[in-house]
Amino acid sequence: MNEARISEIAEIIREAKGLVITAGAGMGVDSGLPDFRGNQGFWNSYPMYEKLGLSFIQAANPEHFEDDPHFGWGFYGHRTNLYRDTVPHSGFTILQKWIKQFGLDYFVATSNVDGQFQKAGFADDRMLEVHGSIHYLQCTVPCSRHIWINDFRYSIDESTMRSMDVPKCPQCQRLARPNILMFGDYSWISKRSAIQEENFDEFLQRNTNNRMVVIEIGAGSTIPTIRHLSEKLGQKQKTRVIRINPREPQIRAPHYSFSNGAVETLSQIDNFLD
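Bear in mind the structure is a predicted one, so any value in this text is a computation, not a measurement.

Trainee: If you had to explain the sheet that holds strand 11 (residues 256–258) to someone new, which residues and values would you point to?
Mentor: One open sheet holds the six strands; their spatial order is 3-2-1-9-10-11, and the pairing between them is parallel. The sheet is open, and its two borders are formed by strand 3 (127–129) and strand 11, each paired with just one other strand. In this sheet, neighbouring strand axes are inclined to one another by 15° on average, regardless of whether the strands run parallel or antiparallel. Seen against the sheet, helix 7 (residues 90–101) touches strand 1 (18–23), strand 2 (105–110) and strand 9 (212–217) and runs at an angle of roughly 175° to strand 9.

Below is the structure:
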């Protein structure tokens, strides 16, 4: 890795007043989480769905909650258990260290629904989860706009990918679902994410004239929401984007790209900041 380039980035971080961390599914890879890249990647993590001939898009379809709730919750219950058991990798700690070391005003924008940033200690009021969070539930109907914490315990039969039990709405006792924006979803309650968007807008406003650094990690082009956000933020003259992506690192100057994983890249930059 080019030491001169890393030294430049280290100086950008030292001089910045604000930090935006943008993250896609690749952020969790170093923690052992799957990124579901392509059908084969999804099936490697969930071989039962390959036998059933279901892609990630089909498995993550909200129709399952209407047609077969125990099957619908088989996928999301399994993911809930996985995310609860996962320990965030050291890259999260490095980012927190920089925030504290340089007194950075920060915000996190992620397409991930896994709650790993909060689990690693990032403040919940500095999060924008554009697709919602698996750690919150809502009514499938929905009977109201109520969103509540997902503390349900899931027992999954992995041979059939069915959940033994399913959570219910506390108000109407009908089926509950994750407060996640799914594929072909018309009943997602976006209230929580809308509040997060307002907080993010306030963050951007107070940093309008400040030097900013955007660190984008593991955001692919298949669902390009996060990449587009990074590039939009990078259009400001005082903002630089650092894109970390082993498969799709391309970004135009004056921004920077690294084709390695999160922990490796952040650790190398951190060595220049000590």
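Trainee: Account for the packing of helix 7 against helix 11 (residues 262–273), with residues named and values stated.
Mentor: If you want to describe how two helices pack, look at the angle between their axes and the distance between the axes. Axis separation between helix 7 and helix 11 bottoms out at 9 Å; the angle between their running directions is 30°. The orientation of helix 7 with respect to helix 11, classified from their angle, is roughly parallel. Handedness of the helix 7/helix 11 crossing: left-handed. Of the residues in helix 11, those in contact with Ser 90, Gly 91, Ile 94, Leu 95, Lys 97, Trp 98 and Gln 101 of helix 7 are Val 263, Leu 266, Ser 267, Ile 269, Asp 270 and Leu 273. Split by residue class, the contact of helix 7 with helix 11 holds seven nonpolar, four polar and two charged.

Trainee: Hey, could you go over the pairing of strand 9 for me, with residue numbers and the actual values?
Mentor: Burial of strand 9 is extensive: six of the six residues sit out of reach of the surface. Judged by which residues are buried, strand 9 turns out to be covered on both faces: Met 212, Val 214 and Glu 216 on one side and Val 213, Ile 215 and Ile 217 on the other are all buried. As paired elements, strand 9 and strand 10 (residues 239–244) share six bridges and run parallel to each other. Across the sheet, the residue bridging to Val 213 is Arg 240, located in strand 10. For the segment spanning strand 9, helix 10 (residues 225–233) and strand 10, crossover handedness is right-handed.

Trainee: Kindly report on the pattern of salt bridges, identifying the contributing residues and their values.
Mentor: Evaluated as defined, the whole model comprises 10 salt bridges. Two residues, Glu 216 and Arg 243, come together in a salt bridge whose shortest N-O distance is 2.6 Å. You can see Glu 216 sitting in strand 9 and its partner Arg 243 sitting in strand 10, a full 27 residues away along the chain. Accessibility expressed as a relative area gives 0% for Glu 216, which makes it buried. The network of salt bridges with common partners includes Asp 105, Arg 126 and Arg 206.

Rules behind the numbers
- Counting restarts for each chain: residues are numbered from 1 in the order of the written sequence.
- pLDDT decides what is reported in this predicted model: residues at 70 or higher carry local features, side-chain atom pairs at 80 or more are listed and counted, and totals for whole chains, interfaces and linings draw on all residues regardless.
- The side-chain figures draw on all heavy atoms in the structure; neither hydrogens nor water molecules are used.
- The pairing criterion is simple: DSSP has to find at least two bridges between the two strands.
- Strands here mean DSSP runs of E at least two residues long; helices mean DSSP runs of H or I at least four residues long; both are numbered from the N terminus.
- Orientation is described by axes fitted as lines to C-alpha atoms, over the contacting stretch for helices, and by angles from 0 to 180 degrees between their N-to-C directions.
- Between two residues, a contact is recorded if the distance between any of their heavy atoms is within 4.5 Å.
- Roughly parallel means an angle under 35 degrees; roughly antiparallel means over 145; roughly perpendicular covers 65 to 115; every other angle is labelled oblique.
- Left-handed describes a crossing whose near helix is turned anticlockwise from the far helix by less than a right angle; the clockwise case is right-handed.
- Asp, Glu, Lys and Arg are counted as charged, while Ala, Val, Leu, Ile, Met, Phe, Trp, Tyr, Cys and Pro are counted as nonpolar; the rest, among them Gly, fall into the polar class.
- Categorising residues by exposure relies on relative accessible area from a 1.4 Å probe, with only protein chains included: less than 20% of the type maximum marks a residue as buried, more than 50% marks it as exposed, and the intermediate range marks it as partly exposed.
- Handedness rule for crossovers: strands pointing away from the viewer, path from the first strand over the helix to the second running clockwise, crossover right-handed.
- By definition here, a salt bridge exists when the distance from a side-chain nitrogen of Lys or Arg to a carboxyl oxygen of Asp or Glu is within 4 Å.

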